[in-house]
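Examining the three-dimensional arrangement
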Amino acid sequence: MKKKSFIIALIVLLLILAGCGREKENVPEVPDNTDENAVEANQQDKEEGKSEQEQKEEEGTDEETDPVASIDLSLEPNELGEIMILMYHGIGKEESVWQRNYDNFRSDLQYMYDNKYQMISLNDYAKGEIKTRAGYTPIILTFDDGRQNNFNYIEKNGELVIDPDCAVGILEEFKEKYPDFDVTASFFLNSSAFGQEEYAEKKLNWLVKNGYDVGNHTYSHYELATLTNKEIIVEIGSVNNIIKKSLPDYTVETLALPHGSNPKDEFLQSILQGEYEGNGYKNIAVLDVGWRPDYSPFDILTNFTSLYRVTASEINVDNCGMYDYFRSYENNKRERFISDGNPDVVTIPKRHEKHLNMDMVGDRKINIYE
Ligand SMILES: [Zn+2]
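Residues numbered from 1 in each chain as written. Predicted model: local features only at pLDDT ≥ 70, side-chain atom pairs only at ≥ 80, totals over all residues. Heavy atoms only, no water.

With respect to the packing of aromatic side chains
By the definition in use, this model includes 21 aromatic pairs. With a centroid separation of 5.2 Å and 70° between ring planes, the pair formed by Tyr113 and Phe181 is classed as edge-to-face. With Tyr113 in helix α4 (residues 102-114) and Phe181 in the loop between α6 (167-177) and β8 (186-189), the pair connects residues that are 68 residues apart, well separated along the chain. With a relative accessible area of 22%, Tyr113 lands in the partly exposed category. For Phe181, a relative accessible area of 0% corresponds to the buried category. Considering the side-chain rings of Phe143 and Phe187, the 5.0 Å spacing of their centres and the 15° angle between planes classify their relative orientation as stacked. Placement of the pair is Phe143 in strand β5 (residues 137-144) and Phe187 in strand β8, with a sequence separation of 44 residues. Across the pair, Phe187 and Phe143 agree in class, each one buried. An aromatic cluster is built from Tyr88, Phe105, Phe143, Phe151, Tyr153, Phe187, Phe194, Tyr199, Trp206 and Tyr212, whose rings are joined through pairwise contacts. (Phe/Tyr/Trp six-rings, centres within 6.5 Å; stacked < 30°, edge-to-face > 60°. Helix = DSSP H or I, 4+ residues; strand = E, 2+ residues; numbered from the N terminus. Buried < 20%, exposed > 50% of the residue type's maximum accessible area, 1.4 Å probe, protein only.)

Quick notes on a nonpolar patch on the surface
Side chains of Met358, Ile366 and Ile368 sit close together on the surface and give an oily, nonpolar patch of about 240 Å² of accessible area. The residue Met358 is located in helix α11 (residues 358-361) in this model. Using a relative accessible area of 46% as the deciding quantity, one classes Met358 as partly exposed. (Patch = residues over 30% accessible without salt bridge, like charges linked within 9 Å, V, L, I, M, F, W, Y side chains within 5 Å. Areas by Shrake-Rupley, 256 points an atom, 1.4 Å probe, with all protein chains shown as cover. Salt bridge = Lys/Arg side-chain N within 4 Å of Asp/Glu carboxyl O.)

Fair warning: the whole summary comes from geometry, so function is off the table for now.
What follows is the structure in structure tokens.
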């Protein structure tokens, strides 16, 4: 009997620790006094023979008072600063407007890592679930058109391996080198997923299993403004159904508009929600093509049905390329989102208070400082 209650206490302790975790599993542990205190208190409680209910109540109070106090304001957290959604297309040898050279892509990633950017998924952005480390800025990588050079398999010594120079190969290289980079990306697909038809299902499953996302880029890549409501539903629904065939448990909830072309106002609803051949779809984030960083998900200015993107190129970008914005942040000409390190707290400088979208903040705690 004693053994049993010890096991229950241990499970409760593990659950509590998991709930307090502020970072993804692959991030090295950062010293955190709160968690240590919780462990100590819990051990003490066990020794004093307190009931689980009593323990839970005490921990509840801790959770209510501690998170805000433990935020390091010297890092100048600003969770109403801007977040960039980078728009890549191809990755290859030649550099052009719609293709990034593979070594330039490596330099982009190195720049981000060296300058305290950490990747998050578009889906987490759309839900306001920012798990970025304290003092770091979230950044989102997207790839359009499902090109083979985004995810390419090659044969090496009779074995099928990921091409080290395709987008996924390079992302994996950085994931291994910097486990705390939180490497992830969203791949937006049309009728085919990354060429190599025979490996399509294998690739989709590999992506989701390894922490990437897939999104909808419509079946034929037509400008949606030129289509009827019925045609739009077919364009979105059929891609959704193709992905569902390979990934029955995965929900596609993001859409990148081909050519950044918005449908006519009266058809807007059909890009957000619809049903095609018996399967429903629901998009929580819709992406345009250009030309600037996004606001924080907690900013009243954010429109999740028409999100901006920044072109991940240095050619023909008219001062709107990724490095133009990187420099603006370095020179303090624009303000980037700086995480407080706790996804359950929204920390902002007082000067931005009026921008706070309380619906998005939801149950999270607000921490405003001068
Ligand atoms: Zn496209």
